[in-house]
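Residue-level structure breakdown
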Amino acid sequence: MTWNSGYVTDIIYTTGYYDQQAPSQIALSCLLGNVAPSFARRSEQLTYLELGCGRGRGALCLAASNPEWRVVAIDFMPAHIEEARELAAEAGIDNIEFIEADFATLDPRELPEVDVASAHGVWSWVSDDVRAGIVRILGSRLRPGGAFHLSYNSLPGWQGAIGLQRLIHTAGRRISGRSDRKAEAALELVQALGAADAFHLGQSDLVQMLRKDLSSMPREYVAHEYMNDDWRPCFQADVAAALADAKLEYVASGEILENFPQLMLTDEQRAVWDRIDDPALRELAKDFCLPRGLRHDIYVRGPRRISDAARDAALADLYLTLTRRPEDFIYELNLPAGHGALERSFYEPVVAALGQGPQRIGDLMSLAGRGGRRDNPAELAGMLVGTSQAIVMARRDADTGEAATRLNNHIAMRVLRGDPSHGALASLRLGSGLRCSGDHYVTASMMHRLGADSSVDRWADTIGLKAEGAGREKFLKAAEETRLRQLRVWKHAGII
Ligand SMILES: C[S@@+](CC[C@H](N)C(=O)[O-])C[C@H]1O[C@@H](n2cnc3c(N)ncnc32)[C@H](O)[C@@H]1O
């Protein structure tokens, strides 16, 4: 047995940032599940643990956005840990520790007690021993009242595509070379069999979607998703049973909109669902209705249930800011329960107020002259954050934050050197990241260094743009458009 226990380790993973991992969003999920986010009381002294941090961008973003926190991030791939440590050192992020360790063998006593933990994209990709190690760490280190975010491939969402993973894995294993080459060769076989009308490649919607999407996905992503020996999607009840050994209880979905059954289920489905009392059976019934194969669960160690009134009072005190311009706000919703729309008489004044700057939810609820329901802050927060059009703000009076800006600038430099692009801009004011693409890092960095109104020609010269003629024009036009779209959003979010 080698050190990697069947997990792909010969190629590094992609970078990414996931809102569901941020404590501010985990706290919102808890509230939507009528559970007190006790850990939020320690908002300035929080200890955060990421299990399976990959290349560390998410953990780094949270550390840079919360300089008083202690962040610990663990992964067993030395290449991931080395890259993450290098970026932390370059950007001077000193409240984060990257640990190279295998969950199966790590002694939890080597870790501090933590308030919030998260494992994204790990659980269903690793062996039983590694899962048991994760439970051991949480059982030993998560404080009472602490929260754990866990994402995993779920059943029955994946049932139609289990064979596809097996096909890619088996075909890939027979090819010599690095895992991305194995995945590449395996995908060719999948496409060839698909073109030859292989019965089981035509049966499930998920398989159809994956066959279409996989060809354009980065090969390192495909390798880490499909080439692991122990990949196994799970039923939620089995995950909850495993985590019960760490005294954890399921409290809410980390996907904000999934906490609103009226949006997720059709009227007919809800009529059946409402008759179910057992929490595990309710989740299973929901999983049978929703066309998705990845769950984001929030578990709490010793959840304290709160009344609707207490929940609403806590929600009223949260601040939100928009992630897009008011004129770009999307009112139409495409949901599992069907097509819907946010009621304009209710939401337009809310969006207009947010267009002026961050707002307290309680104040948004009491906007004069507004139609719709004024008594439901959960729905307001849920719709705005759940559609990713607003984000919870931790410190509305904070400035841009030196550590956050340093990290953003260093990632911008890496983007210019050809690093993978997706991530999030760190922000002290948000206390989390604002998801973005690579060109956003560069634009934010230029606006910060040269001034928000500086000419894009200067940006091109500063970054040493090689392109001339049409290539340069294209850069200037795109940069100007990004600035126009992002200027107010970034100012309000404390990014520039
Ligand atoms: C699919 S990646 C997800 C990475 C990151 N959370 C993200 O979403 O970008 C899974 C990560 O788990 C790590 N991992 C797998 N098995 C592990 C183990 N036994 N102990 C520690 N880390 C492990 C891998 O190295 C990899 O970085």
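Residues numbered from 1 in each chain as written. Predicted model: local features only at pLDDT ≥ 70, side-chain atom pairs only at ≥ 80, totals over all residues. Heavy atoms only, no water.

Some points on the side chain of Ser-118
To keep things clear, this is the line we draw: In this text, helices come from DSSP runs of H or I with a minimum length of four residues, and strands from runs of E with a minimum of two, each type numbered from the N-terminal end. As used in this structure description, the phrase polar contact means that two N or O atoms lie within 3.5 Å; if the pair is within protein, one of them must be able to donate a hydrogen and the other to accept it, and residues adjacent in sequence are counted only when both atoms belong to side chains.
Assignment of secondary structure puts Ser-118 in strand β4 (residues 114-119). Side chain to side chain, Ser-118 and His-149 meet in a polar contact 2.8 Å long.

Let's talk about the site of the ligand
We apply this condition: Definition of nearness: a residue and a molecule or strand are near each other if at least one heavy atom of the residue lies within 4 Å of the molecule or strand. Per-residue accessibility takes into account occlusion by the displayed protein chains alone, with areas from the Shrake-Rupley method and a 1.4 Å probe.
In the vicinity of the ligand, 18 residues are found, and the nearest of them are Tyr-7, Gly-52, Asp-75, Asp-102 and His-120. A distance of 2.7 Å is found between a nitrogen atom of the ligand and a backbone nitrogen or oxygen belonging to Gly-52. In the model, a nitrogen atom of the ligand is placed 2.8 Å from a nitrogen or oxygen of the His-120 main chain. Expressed as a share of its isolated accessible area of 590 Å², the protein-covered part of the ligand is 97%.

Let's talk about the domain arrangement of the chain
Applied cut-off: All domain edges in this entry derive from an automatic or database-based domain assignment. We call two residues contacting when some pair of their heavy atoms lies within 4.5 Å. By convention in these notes, a salt bridge is any Lys or Arg side-chain nitrogen within 4 Å of a carboxyl oxygen on Asp or Glu. Lys, Arg, Asp and Glu make up the charged group, whereas Ala, Val, Leu, Ile, Met, Phe, Trp, Tyr, Cys and Pro make up the nonpolar group; the residues left over, Gly among them, are polar.
Structurally, the chain comprises domain 1 (19-156 + 233-301), domain 2 (159-226), domain 3 (318-393) and domain 4 (402-492). Domain 1 puts six residues into the contact, and the matching count from domain 2 is four residues. Where domain 1 meets domain 2, there are zero salt bridges. Summed over the shared surface of domain 1 and domain 2, the result is two residue pairs in polar contact (both at pLDDT 80 or more). The residue makeup of the side of domain 1 that touches domain 2, split by class, is five nonpolar, one polar and no charged.

With respect to the sheet that holds strand β3 (residues 96-100)
Heads up, the rule is: The rule for pairing is simple: two strands pair if DSSP sees at least two bridges between them. What counts as an axis is a line fitted to C-alpha atoms, over the stretch in contact for a helix, and the angles between N-to-C directions run from 0 to 180 degrees.
With respect to topology, seven strands assemble into an open sheet ordered β3-β2-β1-β4-β5-β7-β6, the strand pairing being mixed. Single-partner strands in this sheet number two, and they are β3 and β6 (248-253). Across this sheet, the average inter-strand angle for adjacent strands is 20°, counted without regard to direction. Two strands pair when backbone bridges link them, and strand β5 (residues 142-153) and strand β7 (residues 294-301) are joined in this way by seven bridges, in the antiparallel orientation. Residue pairing for β7: His-149 is matched across the bridge by Ile-298. Those strands touched by helix α2 (residues 57-65) are β1 (47-51), β2 (70-75) and β3, and its axis lies near 160° from that of β3. The strands that helix α4 (residues 128-141) touches are β1, β4, β5, β6 and β7; relative to β5, the one it contacts most, it runs at about 160°.

Notes on helix α5 (residues 162-173)
To be explicit about the condition: The span expected for a helix works out to 1.5 Å for each residue beyond the first. Throughout this description, buried means an accessible area under 20% of the type-specific maximum (1.4 Å probe, protein chains only), exposed means over 50%, and partly exposed covers the range between.
A rise of 1.5 Å per residue sets the reference length of α5, with its twelve residues, at 16 Å; its end C-alpha atoms lie 17 Å apart and thus fit the reference within 8%. Leu-164, Gln-165, Ile-168, His-169, Ala-171 and Gly-172 are the residues of α5 that are buried. Contacts made by the buried residues of α5 are with α6 (179-195), α7 (205-214) and α8 (219-226).

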